[in-house]
Amino acid sequence: MWYKIKNEADVFTPSVLIYPDRIDENIRRMIKIAGDVSRLRPHVKTHKMAEVVQLQVQQKITKFKCATLTEMEMTAANGGTDILLAYPLLGPDIKKYFSIVTKFPQVKFSVLVDHKQTAADLTEEAKKQQQKVNVFIDIDNGMHRTGIEPEPAFQLAQTISKKPWLELTGLHIYDGHIHVSDLKTRETKCENDFKSVDELIQKLKNTGIEMGELACGGTFTFPIHAKYKNRTLCPGTPILWDAGYKKNIPDLDFLNAAVLAGRVISKPYGKVCFDLGHKAMASEMPHPRLEFMDLLVNGVENQSEEHLVLSTPNTEKLNPGDFIYAIPIHICPTIALHEQVYVVENRKAVKTWDVIARKRTFNF
């Protein structure tokens, strides 16, 4: 019953409860898998919180991966010294990037490039700013989301190496298309998909182009890439863990460190309605979207913006106002729905942390 808090009556719902002691343990387990803390470049998109970055820095993690400029700035302000923005920079984001870089001169920043136009746009602004840009070439080895296939990536690397304002810093290989539960099958898939990357690396070496860092994988392939000492590892979800990964990656042993708290708000027609609608939890997954800690669930009747109606054999035992605990199937977008989270210490919610990097700000 590690998740139960003594001051339920003081806690607003729906909300997220965060357990820093369990986060600390998850960081230790990540470091153990990596074998060396210097090999870790964890993704901050899972938590988006300054305090969680600080907990990682306390355990000597210095490199981070981000998806947004807000995440990048937050990480730089809280101890990250080597930050990769793993997202294409376009439009006004390019100038915003340079303003953040100028603000934190002690931090090494890098960005992704997967197209010659992106490289040209970065070069143009870098020349205006009189400041070089560290770039990772984003490699598509099966995800088919962003990135360039390994074969044309060679030509892009040659183009970048000739641009005086761009510094080729590494390759970024995110294999998020690999969602196989069985470790052996997952390992085979990961290694087969990496063969074209190995060929690219060898080709770059043969032409005298330094490949730099290999920033590899996410959570599913974390333990596989960890076997290769020349690869940097980029897991994100293990920091907080969730019910989806706990079920689908049984070989990884991390602790749930974020719990969704809710209350019974009504009991319509023998069903039970909770305050856990789409605006409180990630809803891109099919039901069940939560794993309840103390409640048997027969099925979901409906879910809307602020309501979740369930059928349960425990209907008679529940009353409006009853407190409920659940683990989201997908924690990353769930956290992004909350402005603040409760921090639990010694079985009590004692303070809140702001989810700073959930914000997207625009200024002229």
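Being a predicted model, the structure only gives us computed values, none of them experimental.

### Overview of the packing of aromatic side chains
Counted according to the given criterion, the structure contains ten aromatic pairs. On the numbers, 6.4 Å between centres and 80° between planes, the contact of Tyr 97 with Phe 109 is edge-to-face. One end of the pair, Tyr 97, is in helix 4 (residues 93–103); the other, Phe 109, is in strand 4 (residues 108–113), and twelve residues separate them in sequence. Against the face of Trp 2 rests Arg 22, its NZ or CZ located 3.5 Å from the ring centre. The lysine or arginine in question, Arg 231, covers the ring of Tyr 228, its NZ or CZ lying 3.8 Å from the ring centre.

### A short note on the packing of helix 3 (residues 69–76) against helix 4
Packing of helix 3 against helix 4 brings their axes to within 11 Å, and their N-to-C directions diverge by 0°. Between helix 3 and helix 4, the crossing angle belongs to the class labelled roughly parallel. Here helix 3 contributes Leu 69, Met 72 and Glu 73 to the contact with helix 4, which in turn contributes Asp 93, Lys 96, Tyr 97, Ile 100 and Lys 103. Grouping the constituent residues of the contact of helix 3 with helix 4 by class yields four nonpolar, no polar and four charged.

### Some words on the environment of Ile 139
Its place among the elements puts Ile 139 in strand 5 (residues 133–139). Classification of Ile 139 by relative accessible area gives buried; the value is 1%. On a C-alpha basis, the gap between Ile 139 and Leu 40 in space is 19 Å, while along the polypeptide they are 99 residues apart. Once residues within four sequence positions are removed from consideration, Ile 139 is found in contact with Gly 147, Ile 148, Pro 150, Ala 153, Leu 171, His 172, Ile 173, Tyr 174, Val 197 and Leu 200.

### What to know about the sheet that holds strand 2 (residues 63–66)
One open sheet accounts for seven strands, arranged 2-3-4-5-6-7-8; its pairing is parallel. Of all the strands in the sheet, the pair left with one neighbour each is strand 2 and strand 8 (231–233). Here the strands of the sheet are splayed against their neighbours by 30° on average, with no regard to which way each runs. The strands that helix 7 (residues 183–206) touches are strand 5, strand 6 (166–173), strand 7 (213–216) and strand 8; relative to strand 6, the one it contacts most, it runs at about 155°.

### Regarding helix 6 (residues 150–161)
Taking 1.5 Å per residue as the helical rise, helix 6 with its twelve residues ought to reach 16 Å, and the 16 Å between its terminal C-alpha atoms agrees with that figure. Within helix 6, the full set of buried residues consists of Pro 150, Ala 153, Phe 154, Leu 156, Ala 157 and Ile 160. Looking at the packing, one finds that the buried side of helix 6 touches strand 4, helix 5 (116–129), strand 5, strand 6 and helix 7.

Criteria and cut-off values
- Residues numbered from 1 in each chain as written.
- Predicted model: local features only at pLDDT ≥ 70, side-chain atom pairs only at ≥ 80, totals over all residues.
- Heavy atoms only, no water.
- Phe/Tyr/Trp six-rings, centres within 6.5 Å; stacked < 30°, edge-to-face > 60°.
- Helix = DSSP H or I, 4+ residues; strand = E, 2+ residues; numbered from the N terminus.
- Lys NZ or Arg CZ within 6 Å of the ring centre and 35° of its normal.
- Axes fitted to C-alpha atoms, helices over the stretch in contact; angles between N-to-C directions.
- Parallel < 35°, antiparallel > 145°, perpendicular 65-115°, else oblique.
- Contact = heavy atoms within 4.5 Å.
- Nonpolar A, V, L, I, M, F, W, Y, C, P; charged D, E, K, R; others polar.
- Buried < 20%, exposed > 50% of the residue type's maximum accessible area, 1.4 Å probe, protein only.
- Pairing = 2+ DSSP bridges.
- Expected span 1.5 Å × (residues − 1).

Worth remembering: the numbers are spatial, not functional.
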